[in-house]
Amino acid sequence: MKKIIFLTLPMLIGAGSYAAEPQTGSGETNGFRLVWQDLFDSGTLDTENRWDIEVNGNGGGNNELQYYTDRPENVHVGDDGDGNGCLILTARRESYKGKHFTSGRLTSRDFTFFTHGKVEASIKIPTTANGLWPAFWMMGNDYAQVGWPACGETDILEMGHSNGINRGTSDRFFNGACHWGPRWDQHYQYARDKTLDYSLQDGRFHLFTCIWDKDFIRMYVDLDKNPDQRPYYEIAISEVNPDNDKTAGNYFHKPNFILFNLAIGGNFPGIYDANAITALNDANGHEASMYVNYVKIYQKGDADEFFFSAVPGDTEAGIGNIATDNADAPVEYYNLHGIRVENPANGIYIRRQGNKVEKVIVKN
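What comes next concerns the included structure. This is a predicted model, so every value here is computed, not measured.

## A few points about the overall build of the protein chain
So, step 1. Each helix and strand in the protein chain was counted, giving 3 helices and 23 strands.
So, step 2. Since a compact globule built from 364 residues should have a radius of gyration of about 21 Å, the 20 Å found for the protein chain is in line with a globular shape.
So, step 3. When each of the 364 residues of the protein chain is scored for burial, the buried share is 51%.
So, step 4. A fraction of 68% describes how many contacts in the protein chain between residues 6 or more apart in sequence connect residues 24 or more apart.
So, step 5. Just so you have it, the protein chain exposes about 16,400 Å², and 48% of that area is on carbon and sulfur atoms.
So, step 6. Taken as two groups, the 33 positive and 48 negative side-chain charges of the protein chain have centres that lie 1 Å from each other.

Given below as structure tokens:
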């Protein structure tokens, strides 16, 4: 349940302050049931069973300027100042291991991953122009085995693109995208941008939702406030053709994990000079944060869906298995990257029978 935090008077009257946000999301609509969530209300980030904090300065393949660290200065769980327990990713201008900036990147790889369903996150986005690049996205949990883009990539939210900067619409310009292909030099993509008539960098939380099934990947913004809207992004993935590497459907019907990050500079903003990053300045103390109030996964219990989490989601009435166990269903084994294994050797696997999923140790 949402924790209650009593605010002091200065917080109540401070500029830009708002009441604590509800954590309901778009809800259990159209047959979807909540199967997992992290509300980030516990005061600590679970890096043993839920999240992995990436540590690297390799530029993410996009010439990004930051060094991702696991320091609390860059990644932690805390209050946003308005009573919301949040994941907080903070970009900072500082010299660190040869870089001019630090920031945070978090993934659920090998901890929580799923095939098909509805995933959404409520995010308070910092002022991006010029140079910040916040993102909420997914990749195939087989990334370590097949690499990118063969794992498939689904970008649900990206902000800070050079087009928004050049048009003076950075606070309203955002996009969704999918990337796929057999190798990095055979990379295919489909992206769609959107310019809203209201700001997404207004100091409020906005809901970003991806509905992913056997036929389509569709994305929405503020679906909780506007449930009848059309998606800002849609791609058909029903076709699967192993003889054609360009076919998107070859790459988007397998378990995916969740990522959040706050990048600085690089190919997306089109900024490669640290001095041109104006989003981190004297006025904000040369740092800015992306706040994630919650992330949720919903499914319908369809045969094409798959879900695994090392630990249950945060408790909420009704959360749990989406259907009763089927004792007559065949037993299937998957490795920890979500790849089905016909004859598992000694090791740790995910065993699925119907909707019953558990981690087991196989000993031959």
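Alright, that's what it looks like, and here's the rest.
## Description of the pattern of salt bridges
Opposite charge on two side chains lets them pair, provided their charged atoms get close.
So, step 1. Tallying each qualifying case throughout the model produces 16 salt bridges.
So, step 2. Of the charged contacts in the structure, one is a salt bridge between lysine 254 and aspartate 142, with a shortest N-O distance of 2.9 Å. With lysine 254 in the loop between strand E16 (233–236) and strand E17 (256–264) and aspartate 142 in the loop between strand E10 (132–140) and helix H2 (143–146), the pair connects residues that are 112 residues apart, well separated along the chain. Each of the two residues, lysine 254 as well as aspartate 142, counts as buried.
So, step 3. Linking aspartate 215 and lysine 214 is a salt bridge whose minimum nitrogen-to-oxygen distance equals 3.4 Å.
So, step 4. Note on aspartate 215: relative accessible area 29%, which makes it partly exposed.
So, step 5. Look at lysine 214 and you get partly exposed, because its relative accessible area is 45%.
So, step 6. Among the charged side chains, a network of salt bridges with common partners joins Arg71, Arg92, Glu94 and Glu287.

## Topic: the packing of aromatic side chains
Any pair of aromatic rings gets described here by the distance separating the centres and the angle formed by the planes.
So, step 1. Across all of its chains, the model carries 14 aromatic pairs by this definition.
So, step 2. Between tryptophan 133 and phenylalanine 268, the aromatic rings sit 4.8 Å apart at their centres with planes inclined by 10°, giving stacked as the arrangement. Taken together, the residues tryptophan 133 in strand E10 and phenylalanine 268 in the loop between E17 and strand E18 (287–299) connect sequence positions 135 residues apart.
So, step 3. Exposure remark for phenylalanine 268: the relative accessible area of 10% places this residue in the buried category.
So, step 4. Between phenylalanine 306 and tyrosine 334, the aromatic rings sit 4.7 Å apart at their centres with planes inclined by 45°, giving tilted as the arrangement.

## Considerations on the environment of valine 292
So, step 1. Assignment of secondary structure puts valine 292 in strand E18.
So, step 2. Residue classification places valine 292 among the buried positions, given a relative accessible area of 0%.
So, step 3. Each C-alpha atom, one on valine 292 and one on valine 119, is 14 Å from the other, the two residues being 173 residues apart in sequence.
So, step 4. Excluding residues that lie within four positions of it along the chain, valine 292 makes contacts with Phe40, Gly85, Cys86, Leu87, Ala121, Ser122, Ile123, Phe205 and Phe260.

## What to know about the nonpolar core
So, step 1. The biggest cluster of nonpolar side chains holds 59 residues, and the ones touching the most others in it are Val119, Ile123, Phe136, Phe208 and Phe260.
So, step 2. Sequence-distant contacts of isoleucine 123, that is, excluding residues within four places in its chain, are made with Phe136, Leu157, Arg204, Phe205, His206, Phe208, Phe260, Met290, Tyr291 and Val292.
So, step 3. Formed by 11 residues, the second largest nonpolar core is a distinct cluster that contains Ala135, Met139, Leu259 and Phe306.

## What about unusual backbone geometry?
So, step 1. Cis geometry is adopted by the peptide bond preceding asparagine 130, which originates at alanine 129 and carries an omega value of -5°.
So, step 2. On the secondary structure map, asparagine 130 appears in the loop between strand E9 (117–124) and E10.
So, step 3. A cis geometry characterises the amide bond from tryptophan 148 onward to proline 149, with omega recorded as 10°.
So, step 4. Assignment of secondary structure puts proline 149 in the loop between H2 and strand E11 (153–159).
So, step 5. In this model, asparagine 30 sits at a positive phi of 50°, which is unusual for a non-glycine residue.
So, step 6. On the secondary structure map, asparagine 30 appears in the loop between helix H1 (9–13) and strand E1 (33–38).

## Some words on a nonpolar patch on the surface
So, step 1. On the surface, Tyr143, Trp148 and Trp184 cluster together into a nonpolar patch covering about 370 Å² of accessible area.
So, step 2. With respect to the helices and strands, tryptophan 184 occurs in the loop between strand E12 (173–183) and strand E13 (186–195).

The rules behind each value
- Residues numbered from 1 in each chain as written.
- Predicted model: local features only at pLDDT ≥ 70, side-chain atom pairs only at ≥ 80, totals over all residues.
- Heavy atoms only, no water.
- Helix = DSSP H or I, 4+ residues; strand = E, 2+ residues; numbered from the N terminus.
- Rg over C-alpha atoms; globule rule 2.2 N^0.38 Å.
- Buried < 20%, exposed > 50% of the residue type's maximum accessible area, 1.4 Å probe, protein only.
- Contact = heavy atoms within 4.5 Å.
- Areas by Shrake-Rupley, 256 points an atom, 1.4 Å probe, with all protein chains shown as cover.
- Lys, Arg positive; Asp, Glu negative; His and termini not counted.
- Charge placed at Lys NZ, Arg CZ, Asp CG, Glu CD.
- Salt bridge = Lys/Arg side-chain N within 4 Å of Asp/Glu carboxyl O.
- Phe/Tyr/Trp six-rings, centres within 6.5 Å; stacked < 30°, edge-to-face > 60°.
- Core = buried A, V, L, I, M, F, W, Y, C linked by side-chain atoms within 4.5 Å.
- Patch = residues over 30% accessible without salt bridge, like charges linked within 9 Å, V, L, I, M, F, W, Y side chains within 5 Å.

Remember, this is a structural readout, not a statement about activity or role.
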